[in-house]
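# Coordinates in review
Listed below, chain by chain, are the residues.
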Amino acid sequence: MAETKANTIDTQIDGSCLAAKARLVSRAVSSIYDEELRPLGIKVSQLNILVLTYHLGIARPAVVCEMLHLDTSTVSRNVERMRAKGWLEVVPEAGRAQPFRLTRAGEDVIKKAEPAWKAAQERAQQLLGDDLVQALSKPLGELCAGGSQR
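Quick caveat, the model's predicted, so the values are computed rather than measured.

Mapped onto the elements of the fold, Q46 is located in helix 3 (residues 44-56). In this view, Q46 contacts G41, N78, R81, M82 and W87; residues no more than four positions away in its chain are not counted.

Right, here's the structure in full:
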């Protein structure tokens, strides 16, 4: 007996794939932050790198990749763009991976971004609802590490 369309694997995946749904939510939330931050000429992904760099003092690309769960090319591309804007500067050191630090202009961007970030945070919380915001606010260490374990 042939499967009905409602029971085929493509229909099941299309309608219930958590990876696809999480990706869509991520894109929707990121677009809210990017929209609010656009007047400052920064994206939320770049703001996250600036803030992490502020906390680290001197940031090494591999550490930023690990802590923000980003691939090397994404970090490299964003750091280069932020260097061009004067928000980051390379710390001279031997070796291929060039550490970097925040400049005064980078600190100013973080300060100027605060109201836009707060507005985006509020919009994203309204979109997601209290239950999902609370679930996302739990420590993510185990969740992020769980993706690489079997």
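Attention shifts here to a nonpolar patch on the surface. A contiguous nonpolar surface patch, about 220 Å² in accessible area, is contributed by V25, L132 and L136. Inspection of the secondary structure puts L132 in helix 7 (residues 130-136).

A few words now on unusual backbone geometry. The backbone of H69 shows a phi angle near 55°, a positive value even though the residue is not glycine. For H69, the location among the structural elements is in the loop between helix 4 (61-68) and helix 5 (72-84). Judged by its relative accessible area of 55%, H69 falls in the exposed class.

In this section: the packing of helix 2 (residues 18-37) against helix 6 (residues 104-128). Put simply, helix 2 and helix 6 touch, their axes get as near as 8 Å, and they point 150° apart. The orientation of helix 2 with respect to helix 6, classified from their angle, is roughly antiparallel. Judged by the twist between their axes, the crossing of helix 2 over helix 6 is right-handed. For the pair formed by helix 2 and helix 6, the contact residues are V25, A28, V29, I32, Y33, E35, E36 and L37 on the first element and A113, A116, W117, A119, A120, Q121, R123, A124, L127 and L128 on the second. A per-class count over the contact of helix 2 with helix 6 returns 14 nonpolar, 1 polar and 3 charged.

Definitions and cut-offs
Residues numbered from 1 in each chain as written. Predicted model: local features only at pLDDT ≥ 70, side-chain atom pairs only at ≥ 80, totals over all residues. Heavy atoms only, no water. Helix = DSSP H or I, 4+ residues; strand = E, 2+ residues; numbered from the N terminus. Contact = heavy atoms within 4.5 Å. Patch = residues over 30% accessible without salt bridge, like charges linked within 9 Å, V, L, I, M, F, W, Y side chains within 5 Å. Areas by Shrake-Rupley, 256 points an atom, 1.4 Å probe, with all protein chains shown as cover. Salt bridge = Lys/Arg side-chain N within 4 Å of Asp/Glu carboxyl O. Buried < 20%, exposed > 50% of the residue type's maximum accessible area, 1.4 Å probe, protein only. Axes fitted to C-alpha atoms, helices over the stretch in contact; angles between N-to-C directions. Parallel < 35°, antiparallel > 145°, perpendicular 65-115°, else oblique. Left-handed = near helix turned anticlockwise from the far one by under 90°. Nonpolar A, V, L, I, M, F, W, Y, C, P; charged D, E, K, R; others polar.

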